[in-house]
Structures are given as structure tokens and as C-alpha cells.
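The lines below spell out each chain.
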Amino acid sequence: MTSQQLQNPAHGYNESSIGHQVHSELERLRRLEDSWDPETISLLSDCGIRPNWRSLELGAGAGSIAYWLAGTSPEGHTTAVDLDTRFLDRSAFPHLTISERDVVECDFAPRSFDLIHTRALLVHLREREEVYRRAARWLAPGGWLVTEEPVIIDDRESPYPEFSKMTRAVSTLWGQHGADLRWARSLPGLALRNGLTDLSVSTRTLQCGQGGSGDRHWTFMINQMRAPLISAGLLTQEEWQAGIDCFDDPAFLDVSLVMISVRARRPA
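Residues numbered from 1 in each chain as written. Predicted model: local features only at pLDDT ≥ 70, side-chain atom pairs only at ≥ 80, totals over all residues. Heavy atoms only, no water.

What about the sheet that holds strand 1 (residues 54–58)?
Strand pairing in a sheet relies on backbone hydrogen bonds, with the paired strands running either antiparallel or parallel.
Then, number 1: The sheet built from 7 strands is open, its strands ordered 3-2-1-4-5-7-6 with mixed pairing. In the strand order of this sheet, the two ends are held by strand 3 (96–100) and strand 6 (197–208), each with one partner. Each strand axis lies, on average, 15° off the axis of its neighbour in the sheet, ignoring direction.
Then, number 2: Two strands pair when backbone bridges link them, and strand 6 and strand 7 (residues 254–265) are joined in this way by 10 bridges, in the antiparallel orientation. In the sheet register, Arg204 faces strand 7, and the bridge partner there is Met259.
Then, number 3: Set on the sheet, helix 5 (residues 128–138) makes contact with strand 1, strand 4 (113–119) and strand 5 (139–152); between it and strand 5 the angle comes to about 155°.
Then, number 4: Helix 8 (residues 213–224) rests against strand 5, strand 6 and strand 7 of the sheet, and its axis sits at about 75° to strand 6. (Pairing = 2+ DSSP bridges. Helix = DSSP H or I, 4+ residues; strand = E, 2+ residues; numbered from the N terminus. Axes fitted to C-alpha atoms, helices over the stretch in contact; angles between N-to-C directions. Contact = heavy atoms within 4.5 Å.)

Observations regarding the pairing of strand 4
Then, number 1: Of all the 7 residues making up strand 4, 7 are buried; the element is thus mostly covered by neighbouring parts of the structure.
Then, number 2: Alignment of strand 1 against strand 4, held across 4 bridges, turns out to be parallel. By the bridge assignment, Glu57 is partnered in strand 4 with His117.
Then, number 3: As paired elements, strand 4 and strand 5 share 6 bridges and run parallel to each other. Residue His117 lies in a different strand from strand 5, and its bridge partner there is Val146.
Then, number 4: What joins strand 4 to strand 5 is helix 5, and the crossover it makes is right-handed. (Buried < 20%, exposed > 50% of the residue type's maximum accessible area, 1.4 Å probe, protein only. Right-handed = clockwise from strand over helix to strand, strands pointing away.)

Examining the state of the cysteines
Then, number 1: In the structure shown here, the tally under the stated rule is 0 disulfides.
Then, number 2: Cys208 provides the cysteine sulfur closest to Cys246, a residue in no disulfide bond, and the two sulfurs are 9.6 Å apart.
Then, number 3: On the basis of relative accessibility, which here comes to 9%, the residue Cys246 falls in the buried class. (Disulfide = S-S within 2.5 Å.)

Topic: the side chain of Asp254
Then, number 1: Within the secondary structure, Asp254 sits in strand 7.
Then, number 2: Buried and unpaired, Asp254 has no salt bridge, with Arg168 as the nearest side chain of opposite charge at 9.7 Å.
Then, number 3: Those residues in contact with Asp254, other than ones at most four positions away along the chain, are Ser158, Tyr160, Phe163, Leu206, Gln207 and Cys208. (Lys, Arg positive; Asp, Glu negative; His and termini not counted. Salt bridge = Lys/Arg side-chain N within 4 Å of Asp/Glu carboxyl O.)

Points about helix 10 (residues 237–245)
Then, number 1: Those residues of helix 10 lying buried are Trp240, Gly243 and Ile244. Along helix 10, the residues classed as buried sweep out an arc of 95° about the axis, all on the same side.
Then, number 2: Where helix 10 is buried, its residues contact helix 6 (161–175), helix 8 and helix 9 (226–231). (Arc of directions from axis to C-beta.)

A word on unusual backbone geometry
Then, number 1: Of note in this structure, Arg111 is not a glycine but carries a positive phi near 65°.
Then, number 2: Following the sequence through the fold, Arg111 ends up in the loop between strand 3 and strand 4.
Then, number 3: Owing to a relative accessible area of 57%, Arg111 belongs among the exposed residues under this scheme.
Then, number 4: Despite not being glycine, Gln210 has its phi angle at roughly 70°, a positive value.
Then, number 5: When you line up the elements, Gln210 lands in the loop between strand 6 and helix 8.
Then, number 6: For Gln210, a relative accessible area of 52% translates into the label exposed.

Some details on the environment of Thr203
Then, number 1: Inspection of the secondary structure assignment puts Thr203 in strand 6.
Then, number 2: With a relative accessible area of 56%, Thr203 lands in the exposed category.
Then, number 3: Residues contacting Thr203, with those up to four places away along its chain left out, are Val258, Met259 and Ile260.

Digging into the nonpolar core
Looking at soluble globular proteins, one finds that nonpolar side chains tend to be buried together.
Then, number 1: One finds Ile116 and Trp138 to be the most contacted residues of the largest nonpolar core, which totals 31 residues.
Then, number 2: Those elements that place two or more of their residues in this core are strand 1, strand 4, helix 5, strand 5, helix 7 (187–193) and strand 7.
Then, number 3: Among the elements that line this core, the one with the most residues is helix 5, at 5 residues.
Then, number 4: Not counting chain neighbours up to four residues away, the residues in contact with Trp138 comprise Leu56, Leu58, Cys106, Asp107, Phe108, Ala109, Pro110, Arg111, Ser112, Phe113 and Ile116.
Then, number 5: In this structure, Tyr160, Cys208, Trp240 and Leu257 belong to the second largest nonpolar core, which totals 27 residues. (Core = buried A, V, L, I, M, F, W, Y, C linked by side-chain atoms within 4.5 Å.)

Distances and angles like these do not, on their own, reveal function.
Dropping the structure here:
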């Protein structure tokens, strides 16, 4: 790997334990969709999407939200951008364009979109605030920018120290490719500084314990990340096992992530 690649945050993400080249990554993305899609769709629906809207999904992943946007605006056009588009179906909709591009480098003309959405993308980019600024410029007058970004909870006062140690290790490992799992608290102020109005902020949590989508999401991801966490010296095999064993404890119930969603629009 060259020094230029090491400095490229997108390359670092793509080569990480949650890059698309990992054989189990599609299943991890599907579980993420299962956890977050219902609330995301509700949030986007509240924007009053019209059949002729032009929408942009940045960091399209496995495509569920891009497909939903395309289906909701059959007279408009949806563009889905991702660094690696292997999981996206180019034939899903005739008015859906799938673009394999680095969101850090891509650009669009001002006023190109009525709706722009990101989820769990900006926290992984060192240039996150510049990407947000450019996205705000791409909005048409009255257009919406909807950003959903996670904050990981690794509270050392957690009643479940084995699980808390695991979440800290995950946050640290992702930080090695430029992620900041605490940055999302900056989103509301960032929207205001970029001249957006009609700001609304909402939060939702990912519960761990007692079964459900949160357990399926976390346990799959932790299993996928086991070898990288251990090889990086962030957890021992015994510590990793203690963390995963929490999910088998009927008394285990914790909150691992808070998704901060910020919706704001370009003044008409």
C-alpha cells in the first residue's frame, strides 16, 4: 500500500473490516437496513417527496433507500453514489443512476437535487464537513438535506464492562481509517452554518439485548470484525468472547448506538 493510499480516507474505509470486499459485508449491510430503514423512510416521507423529485443517495451501500427513493419519485430521477457499487442493481429502475465514485471527490452542479440523503457515511470521512458543505450547495431552492449519523456509546460507567470494552475497541478500529463516532453531535450547527433552515433534529437508539434487530446487527458485525480487532491488539480473544457472550445473558440490555438525524432545507 502506498503512502498516498494510506492518506486517502476512502481507500482506508474500503480496505477496512467493513469494506465491500469483505465476504460477509453484504449481509452486514442488510442487517443495518433491517435496523434503521423504517425510521429512515418515515423521516424522508415527512419531507413531502413528490413524484418528479430529483434525489441523491450518498453512500448507497446495499441500495434499499436508493431503491425506495426511485420508487417514490417515478417521474423524477434518483442518483446513488458509492465508492464500491458491487451490491447495487443498475437495472432496478430506469430512472435510477448508479455512480461508482468517491463522495469526497464527486461534485454536482448547484440546484441539482430536491432531496439529498446520507446515513452512516459522513462519520467515516475525514473531509466530512466539506462533503456536507458541497451537498448543501447541490440543493435546489426548498430542497432537503437529510443526514443520519451514528454516535457510538462506549461509556466506561456502563453496567456491562465487557460489552463497553468491545464498543470502545470498535470505535478505535474505525478511527484508524478516519472515522469519528462522536462527530455527529456537530450536525445541527453545521446545517445552520451552511445557511439551511427549517431545521429538525431527532434521535433513535439501537438496543442490544433481549433479541431484536439490534442484537442481529451487533453480533454479526462483531463476528465480522473479530480478527481485525484481535490482530490490532484492541481486544484479546478472551475479551472478544466476553463481549459477544453478553448477548446470551437474559439480563443483558444496553444501548450501543444513537443515530442523530438532522433534516434541513435550502431556503426557497
